[in-house]
Every structure is written in C-alpha cells, then in structure tokens.
Amino acid sequence: MLKTILGAAILFVLIAFTAYLAFHYAPVEKSMGIIQKIFYLHLPSALSSFVAFGVCFYANLMYVFKRQPKWDWLGVSAAEVGLAFISVVLVTGPIWAHPVWGIWWTWDARLTLTFVLWLLYISYLLLRSMLEEPDKRALFSALFGIFAFLDVPLVYFSIRWWRTQHPQPVILGGPGSGLDPRMRVSYLLVWAAFTGLLVLLLNGRYKLEALRASMEELRREAEVQ
Amino acid sequence: MKNLDSVLAAYLAGWAIFFLYYVSIARRMNALREEIERLKSSLHRSK
C-alpha cells in the first residue's frame, strides 16, 4: 500500500514537473503557437513506447531461446506498458492535428503504421488471453511479439522514407531541423521523466505478472489435492 | 489564448490514460494478493 501511494506521489510530481517545463520554461513556437506544447507529451510518449516494445522484443527473443518464465513476464509487462504509451500518442496526435492540419486524422504512412502498431500489441494481449496452457501461451505470444516489433522501425523511419502529412523529424532530422535550446532542454528533461514513468509502470506490471504466476502455481496445487 | 483548450484536453487525456493504467495495475495486484491468501488458507486447511 505504501509503495502504491509513493508511486502515485511520484506520478503527481512528474505531472507538475512536465507541465512547468512545457508551459513556462520552453518558448511558444512561432508558427503553431500554444498548440505545439502537446509536443512535450506526444513525442516522449512515442519514444517511450518504442523503448517498451524494444524491451518486449528482447524479452520475447530471450524466452524463445531460454524458455524461462521471467522473460515471458517481462515480455507481457513491456507490451502492456508500451500499449499505454502508444495510446497516449494516438489520443494526443489528433488533438494536435485538428487545429494545425484542419483534420483529426489522415491515413498517411506514419499515422497508419502507428495505428497498426497499436492493433498488433492489442492482438498480442488478446492472443495471451485465449491460451490457457502457460508454456504454450508464453511461446506463441513470444513469437507473435517478435513479429509485432517489426512495425516499430517502420513507424520510426516512415517520415524519412515516404512523403507524409506528419511533420519531418525535428530531432536527428538532418539539415534545417532542430529545436530552440530551451525547447531542447525541456524536451530532454521531460523525456527523462517519462523514462522514470516507464520504469515505474514496467516494474509494477512485472511484479503483477510474477504474482499471477505464483497464483497459478497455487491453483494447480489446490486442484491436485 | 487560441487552442489552449486543445492543449488542456490533450494533457488531461494523456495523463488520465497513465493514471488509470497505474490504478488498474494496483487493483489487479490487490485482487491477486487476496486470491493468493485465499488459496494458501484453503491449502493449509486441506493438509
């Protein structure tokens, strides 16, 4: 209980910290105005989801080779946490797009592939819920998770490879791209805070999965008796 | 300020997702702990 309260307190501090940096320290962008402030939530969420799906991919690979339950627990935990982050991206993106593009959504490469990514990890969790036998569930979902991760580089490079409605990258985007120094500092600090949030959620979700495994073990014992 | 309502909506929605997800983890954790305690006591009784 104490840990839950502490976690919630950390989340509250993170919200306040992010809001302060985005709204007071970073300057207002000239062409878009105040709506660009969504950037400080949208982009760190996107990058955190890629990190989470990367952890899921690594855990899935490790499970396929080592067949240890801890890798399965980490895989499902990272998939679910990544899904939370990518959901934030899919919700905040259209809210940002509407005043700037005049439309909520368009089926360009970046947006479509991001939506596909969301669907892939929803499918990953659905697949797990349909399989009851623990080893079979872990192996099938690990194989599906490895396949699902193939969409992450496609999402990342889509704005470099194809012409899209989505803006070109401002970070590591080549000549002419870049951020104002105060925007860059704010962005990096917000991203650091988001990494903390990612670790907090992943840690909590992993503990939940370990607890579920203990419960399944106890259930089997109870059935035998 | 133009579009301030959209910015607030985005932040509210984004943080609501994180908060609700965190609460869902905490609730599932509590439910599992209760189930484990129940199973342990039923196993203990049957021995």
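Above this note sits the structure.
Residues numbered from 1 in each chain as written. Chains lettered and ligands numbered in written order. Predicted model: local features only at pLDDT ≥ 70, side-chain atom pairs only at ≥ 80, totals over all residues. Heavy atoms only, no water.

**Q** Sorry if this is basic, but what is going on with the overall build of chain B here?
**A** Check the secondary structure of chain B and you find one helix and zero strands. With respect to the principal axes defined by its C-alpha atoms, chain B has extents near 70 × 5 × 5 Å. Surface accessibility of chain B: about 3200 Å² in total, with carbon and sulfur atoms responsible for 62%. Positive and negative side-chain charges in chain B, numbering 8 and 4 respectively, have mean positions lying 6 Å apart. (Helix = DSSP H or I, 4+ residues; strand = E, 2+ residues; numbered from the N terminus. Areas by Shrake-Rupley, 256 points an atom, 1.4 Å probe, with all protein chains shown as cover. Lys, Arg positive; Asp, Glu negative; His and termini not counted. Charge placed at Lys NZ, Arg CZ, Asp CG, Glu CD.)

**Q** Where do I start with the packing of helix α4 (residues 109–130) of chain A against helix α6 (residues 151–161) of chain A in this structure?
**A** The description of two helices packed together rests on the angle between their axes and the distance between the axes. All names here are of chain A. In contact at an axis separation of 9 Å, α4 and α6 are set at 165 degrees when each is read in the N-to-C sense. As the angle between them shows, α4 and α6 are arranged roughly antiparallel. As for how α4 packs across α6, the hand of that crossing is left-handed. Of the residues in α6, those in contact with A109, R110, L113, T114, V116, L117 and L120 of α4 are D151, V152, L154, V155, Y156, S158 and I159. (Axes fitted to C-alpha atoms, helices over the stretch in contact; angles between N-to-C directions. Parallel < 35°, antiparallel > 145°, perpendicular 65-115°, else oblique. Left-handed = near helix turned anticlockwise from the far one by under 90°. Contact = heavy atoms within 4.5 Å.)

**Q** Help me understand the packing of aromatic side chains, please; the structure alone is not making it clear to me.
**A** Think of a pair of aromatic rings as described by two things: how far the centres are apart, and how the planes are tilted against each other in angle. Residue and element names in this part refer to chain A. Here the structure, examined in full by the defined rule, presents 23 aromatic pairs over all chains. Ring centres 5.4 Å apart and planes at 75 degrees place the aromatic pair W105 and W107 in the edge-to-face group. With a relative accessible area of 26%, W105 lands in the partly exposed category. The exposure class of W107 is exposed, given its relative accessible area of 60%. Ring geometry for F144 versus F147: centroids 6.0 Å apart, planes at 55 degrees, classification tilted. With F144 and F147 both in helix α5 (residues 134–149) and three residues apart, the pair spans about one turn of that helix. Using a relative accessible area of 48% as the deciding quantity, one classes F147 as partly exposed. Taken together, the aromatic side chains of F50, Y156, F157, W161 and W162 make up a single cluster linked through ring pairs. (Phe/Tyr/Trp six-rings, centres within 6.5 Å; stacked < 30°, edge-to-face > 60°. Buried < 20%, exposed > 50% of the residue type's maximum accessible area, 1.4 Å probe, protein only.)

**Q** I tried to follow the interface of chain B and chain A on my own but got confused; where do I start?
**A** Each partner contributes residues to the interface: chain B has 29 residues there, and chain A has 44 residues. Across the contact surface, chain B and chain A share two salt bridges. Between R28 of chain B and E80 of chain A there is a salt bridge, with its nearest N and O atoms 2.8 Å apart. Put simply, chain B and chain A have four residue pairs in polar contact (both at pLDDT 80 or more) between them. When grouped by side-chain class, the residues that make up the side of chain B that touches chain A number 19 nonpolar, four polar and six charged. (Salt bridge = Lys/Arg side-chain N within 4 Å of Asp/Glu carboxyl O. Polar contact = N/O pair within 3.5 Å; in protein donor to acceptor, adjacent residues only side chain to side chain. Nonpolar A, V, L, I, M, F, W, Y, C, P; charged D, E, K, R; others polar.)

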